[in-house]
Amino acid sequence: MGPIGRGRGKMAAAAGALRRLVRCRPQQGLGRLLQLRSGIHGSAPAAVQVNVRDALNQALDEELERDERVFLLGEEVAQYDGAYKISRGLWKKYGDKRIIDTPISEMGFTGIAVGAAMAGLRPICEFMTFNFSMQAIDQVINSASKTLYMSAGMVPVPVVFRGPNGASAGVGAQHSQCFAAWYGHCPGLKVVSPWSSEDAKGLLKASVRDDNPVVMLENELMYGVPFEMSEAAQSKDFLVPIGKAKIERQGTHVTLVSHSRSVGHCLEAAAVLVKEGVECEVINLRTIRPMDVESIEASVVKTNHLITVEGGWPQFGVGAEICARIMEGPAFNYLDAPAVRLTGADVPMPYAKILEENCLPQVKDIIFAVKKILNI
Amino acid sequence: MRKMLLAALSRVLQGPAAAARPVSRVVVASRNYADFASEATFDIKKCDLHRLEEGPPVTAVLTREEGLHYYKTMQTIRRMELKSDQLYKQKIIRGFCHLYDGQEACCVGLEAAIKPTDHLITAYRAHGYAYTRGTSVREILAELTGRKGGCAKGKGGSMHMYAQNFYGGNGIVGAQVPLGAGIALACKYFGKDEICLTLYGDGAANQGQIFETYNMAALWKLPCIFICENNRYGMGTSVERAAASTDYYKRGDYIPGIRVDGMDILCVREATKFAAEHCRSGKGPILMELQTYRYHGHSMSDPGISYRTREEIQEVRSKSDPITLLKDRMLNNSLSSVEELKEIDVEVRKEIEEAAQFATTDPEPPLEELGNHIYKNEPPFEVRGPSQWIKYKSVG
């Protein structure tokens, strides 16, 4: 038996896990660690199953340990172990100085985080969800993202804003908005959007070490999902570079570009389509800003068909930007059909399950779009 | 003798034309420095207190050296702001320009009570602070005129000047207050006995984020001095029309407060020393309200006389001008002479003129600068211009 590598079996397992996830929300505190060993002598790399929550927790722990200037603040991050348990155990380990519970004062504590970064600390500012970041958005944009430019390089702002973004399950319109386009719009910010545990861990570590303000858009429904983490990914210095997309699945007929939870839907759709002889190339953006347009272009040159998939609203969204950029570049001449966008429905998110489900691109929608664009 | 000295003085104050007259026409009674006192003690106004048993002292000692330094600094700021007014009217400065003349005792008094290693952040009426925190007049004026020799290379403008331990210059009313508390948190975190002075105006005092900040600063005992520069008007709205309570020094509720005469530099200095000691001793935040006045309108777009009378402005000028107050104290207590102060005035004018000359002749930043300073410590990348064919290189 060779080492566990990329392959259909792994994808099917992940797809199965995702299907179970769609039906029922994972309990908090669930993190199964199954060690999968290959080879009798243990000389082959040992991968483990780690869910996104634990991956984030590991990243936080490692970065807090590595650099004393790093600290975490936000609502319920300390004594409650985190509203979604992302920071479980950290307050016990690092104490009040490094893990700070804040009152419900987004504008205030976000400004405090930005000021602390200006004065030489490296704060991680948690929003319980990014919906609440709207109350503090002036501090993120005007105080954090623009200051380096306005000061002609004198005042860097090394802060990370993180938390769950986008739709959850049944939380209603005010708690379901995706902010990828809003933050992705602003120069001076970096915006990352992990899908897998590797993404989550590597991007969070890279974000903390980056000297710029980074917005990290997590996804609540992904927190409990387990992924295989390679041995390399388990290292304390494992970083996922910001600004580089990942080809999750190679293909030849159509390019599916996505970020966050939708990546999983694309892979599920690809698994179904392969039975009909359609090979989808699935690109996980990983970073919204700066966007890795080159990877998308290279893929479109190969497949000649482009579909973008996201959870956010259609107008002025991530997909819209991708389409515009493809038109401006060399890949346009390789398109055999207009690019297609799959997005959240253009409505505030309703509560009832059937309505909510139909407000986000589902696997069947992706399959339909692929067939439509390929005329099959 | 006195008449001649006063006449000479008035000629000097009339402007450059007067100062150009040959020195021999001004009768100077030479005094050697043994005639000056080395220091004097002054009574200063007692501060109103909120949740404090004791306040700052009611007397202050001013040494000759200090007096000359404060005088020169305030005069420099005064003339720099007046020069900015001139340059704005000539359309050499554009956009926003919020002038500080009248409030000089605040920034100079605060600086006199803290160390260069302490931190300070304020709002957009920031030219005085940029100066007291170490930026040269040259760099300030060149920033206002948008030239490459400006302290932010022309990329920031009036409201975005920064220096070591000076975090601007902030355009969004009230946003600088949580930032200041964050800087104070860093001070406490690093344990280096530094404090942060966080300034805002009477208009900003009604911002919700300030109350959020009061709460966290008090909860976590952050070494932050909240300072409300109350110049009686938030743009065109008087304090009575904007605030249900105009006792700004009490608005911190559970945070102790002091109300200070912001036109008296010694009062400001002593109160700030008191407040700094409070913070450094670990007692948490404290609030100071500085009662002050701006001669100009809110900004250069505001003549400043539609919501207040010329008589009011004139009254403050004649009775409470911070530079005049200091000058009178020094002259009446033999800390300096009219001639000596006049010499300082001449020096200041010269410095301002040279700085203005630089600010009007220095070239604008090169177009290549447009893309820079987006990210820190990032390998060079391209930034999009107004079209897909226009690209700028970006280096941090």
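Residues numbered from 1 in each chain as written. Chains lettered and ligands numbered in written order. Predicted model: local features only at pLDDT ≥ 70, side-chain atom pairs only at ≥ 80, totals over all residues. Heavy atoms only, no water.

An account of the sheet that holds strand β4 (residues 99-101) of chain A is requested, with residue identities and associated values reported.
Residues and elements named next belong to chain A. In space, the seven strands of this open sheet follow the order β4-β3-β5-β6-β8-β7-β13, with mixed pairing throughout. If you trace the sheet from one side to the other, it starts and ends with β4 and β13 (287-289), each paired once. Neighbour-to-neighbour, the strand axes of this sheet turn through a mean angle of 20°, independent of strand direction. Direction of pairing for strand β5 (residues 122-126) relative to strand β6 (residues 160-164): parallel, over a ladder of three bridges. Considered in β6, the bridge of Ile124 is made with Val160. (Pairing = 2+ DSSP bridges. Helix = DSSP H or I, 4+ residues; strand = E, 2+ residues; numbered from the N terminus. Axes fitted to C-alpha atoms, helices over the stretch in contact; angles between N-to-C directions.)

If you had to explain the pattern of salt bridges to someone new, which residues and values would you point to?
All names here are of chain A. Under the definition given, this model contains 45 salt bridges over all chains. When the shortest N-O distance is used, the salt bridge between Glu63 and Lys205 registers 2.8 Å. Of this pair, Glu63 sits in helix α2 (residues 52-66) while Lys205 sits in helix α8 (residues 197-209), and the two are 142 residues apart along the sequence. For Lys205, a relative accessible area of 0% translates into the label buried. For Arg69, the salt bridge is made with Asp67, and the minimal N-O distance between the two is 2.8 Å. Relative accessible area serves as the criterion here: at 34%, Arg69 is assigned to the partly exposed category. (Salt bridge = Lys/Arg side-chain N within 4 Å of Asp/Glu carboxyl O. Buried < 20%, exposed > 50% of the residue type's maximum accessible area, 1.4 Å probe, protein only.)

Kindly report on the nonpolar core, identifying the contributing residues and their values.
Within the largest apolar cluster, 77 residues are counted, with the highest numbers of intra-cluster contacts made by Ile296 of chain A together with Tyr200 of chain B. Top contributing element to this core by residue count: helix α7 (residues 176-190) of chain B, with eight residues. Among residues more than four places away in sequence, those in contact with Tyr200 of chain B are Gln176, Val177, Ala205, Ile210, Tyr214, Phe226, Ile227, Cys228, Glu229 and Leu287 of chain B. Within the second largest apolar cluster, 70 residues are counted, among which are Ile195, Ile258, Val268 and Ile286 of chain B. (Core = buried A, V, L, I, M, F, W, Y, C linked by side-chain atoms within 4.5 Å. Contact = heavy atoms within 4.5 Å.)

Residue-level account of the pairing of β6 of chain A, with values.
Residues and elements named next belong to chain A. Across the five residues of β6, five count as buried, placing the element largely inside the fold. With five bridges connecting them, β6 and strand β8 (residues 214-218) associate as parallel partners. The residue of β8 that forms the bridge with Gly163 is Leu217.

Give me the lowdown on the side chain of Thr303 of chain A, citing residues and values where you can.
All names here are of chain A. Mapping Thr303 onto the fold places it in helix α10 (residues 293-303). The class of Thr303 is buried, set by a relative accessible area of 2%. Here the side chain of Thr303 touches Thr255 through a polar contact of 2.7 Å, side chain to side chain. For Thr303, the residues in contact, after removing those within four places along its chain, are Gly251, Thr252, His253, Val254, Thr255 and Glu281. (Polar contact = N/O pair within 3.5 Å; in protein donor to acceptor, adjacent residues only side chain to side chain.)

Could you give an account of the packing of helix α3 (residues 64-89) of chain B against helix α12 (residues 322-332) of chain B, naming the residues involved and the relevant values?
All names here are of chain B. Running from amino to carboxyl end, α3 crosses α12 at an angle of 155°, the nearest separation of the two axes being 10 Å. It follows that α3 is roughly antiparallel to α12 by the angle criterion. Here the hand of the crossing between α3 and α12 comes out left-handed. Each of Arg64, Gly67, Leu68, Tyr70, Tyr71, Met74, Gln75 and Arg78 in α3 lies in contact with α12, whose residues at this interface are Pro322, Ile323, Leu326, Lys327 and Met330. Here the contact of α3 with α12 is composed, by residue class, of eight nonpolar, two polar and three charged. (Parallel < 35°, antiparallel > 145°, perpendicular 65-115°, else oblique. Left-handed = near helix turned anticlockwise from the far one by under 90°. Nonpolar A, V, L, I, M, F, W, Y, C, P; charged D, E, K, R; others polar.)

I'd love a proper account of the interface of chain B and chain A, names of residues and values included.
Counting from both sides, the interface comprises 36 residues of chain B and, opposite them, 47 residues of chain A. Summed over both sides, the interface of chain B with chain A buries roughly 3,600 Å², with 67% coming from carbon and sulfur. When residues of chain B are sorted by the area they lose upon contact with chain A, Tyr162, Tyr189 and Tyr375 of chain B head the list and together hold 21% of the total. Applying the counting criterion to the chain B and chain A interface returns two salt bridges. Arg384 of chain B is paired through a salt bridge with Glu328 of chain A; the nearest N and O atoms lie 2.6 Å apart. Our count for the chain B to chain A interface comes out at 16 residue pairs in polar contact (both at pLDDT 80 or more). (Buried area = accessible area lost by both parts, 1.4 Å probe.)

Explain unusual backbone geometry to me, and be specific about the residues and the numbers.
Residues and elements named next belong to chain A. Here the amide bond leading from Arg289 into Pro290 is cis, since omega sits at 0°, within 30 degrees of zero. Mapped onto the elements of the fold, Pro290 is located in the loop between β13 and α10. Phi angles above zero are rare outside glycine, and Asn304 is one such case at about 70°. Assignment of secondary structure puts Asn304 in the loop between α10 and β14 (306-309). Positive phi is not limited to glycine here, since Asn375 has a value of about 60°. By the element assignment, Asn375 lies in the segment after α13 (363-374).

Break down the sheet that holds strand β6 (residues 224-230) of chain B for me, with residues and values.
All names here are of chain B. The strand order across the open sheet built from six strands is β2-β9-β10-β6-β5-β4, with neighbouring strands paired in mixed fashion. For this open sheet the edge positions go to β2 (48-50) and β4 (119-121), each flanked by a neighbour on one side alone. Across the sheet, the axes of successive neighbouring strands diverge by a mean angle of 20°, strand direction being ignored. Note that strand β9 (residues 257-261) and strand β10 (residues 286-291) share five bridges and pair parallel. Paired with Asp261 across the two strands is Gln291, which belongs to β10. Sheet strands touched by α7: β4, β5 (196-201) and β6. Its angle to β5, the strand with the most contacts, is close to 170°. Lying on the sheet, helix α8 (residues 208-219) is in contact with β5, β6 and β10; it crosses β6 at an angle near 150°.

Pulling in residues and values, what's your account of the packing of helix α6 (residues 137-144) of chain B against helix α13 (residues 338-361) of chain B?
Residues and elements named next belong to chain B. Orientation of α6 relative to α13, taken along the N-to-C sense of each, is 40°, at an axis distance of 8 Å. Classified by the interaxial angle, the pair formed by α6 and α13 is oblique. Crossing of α6 against α13: the hand is right-handed. Here Val137, Arg138, Leu141 and Ala142 of α6 come into contact with α13, specifically with Glu351, Ile352, Ala355, Ala356, Phe358 and Ala359.

If you had to explain the UniProt feature "domain: Transketolase-like pyrimidine-binding" (unreviewed entry) in chain A to someone new, which residues and values would you point to?
UniProt feature "domain: Transketolase-like pyrimidine-binding" (unreviewed entry): in the numbering of this structure it lies at residues 50-225 of chain A. The distance separating the terminal C-alpha atoms of residues 50-225 of chain A is 8 Å; by composition the span is 36% helix and 16% strand. (UniProt positions renumbered as here; feature names shortened; annotations may be inferred.)

Describe the confidence of the model for chain B, with residues and values.
Residues and elements named next belong to chain B. Looking at chain B as a whole, the pLDDT averages 94, with 91% of positions reaching at least 70. In this model, residues 17-28 is a region of pLDDT below 50 whose contacts with residues beyond four sequence positions or in other chains number 10 contacts. Scoring the predicted complex yields pTM 0.90 and, for the interface, ipTM 0.90. (pLDDT = per-residue confidence, 0-100.)

Can you lay out the UniProt feature "domain: Dehydrogenase E1 component" (unreviewed entry) in chain B for me, pointing to particular residues and giving the numbers?
With numbering aligned to this structure, UniProt lists the feature "domain: Dehydrogenase E1 component" (unreviewed entry) at residues 73-367 of chain B. The span residues 73-367 of chain B shows a helical share of 45% and a strand share of 11%, and its end C-alpha atoms are spaced 35 Å apart.

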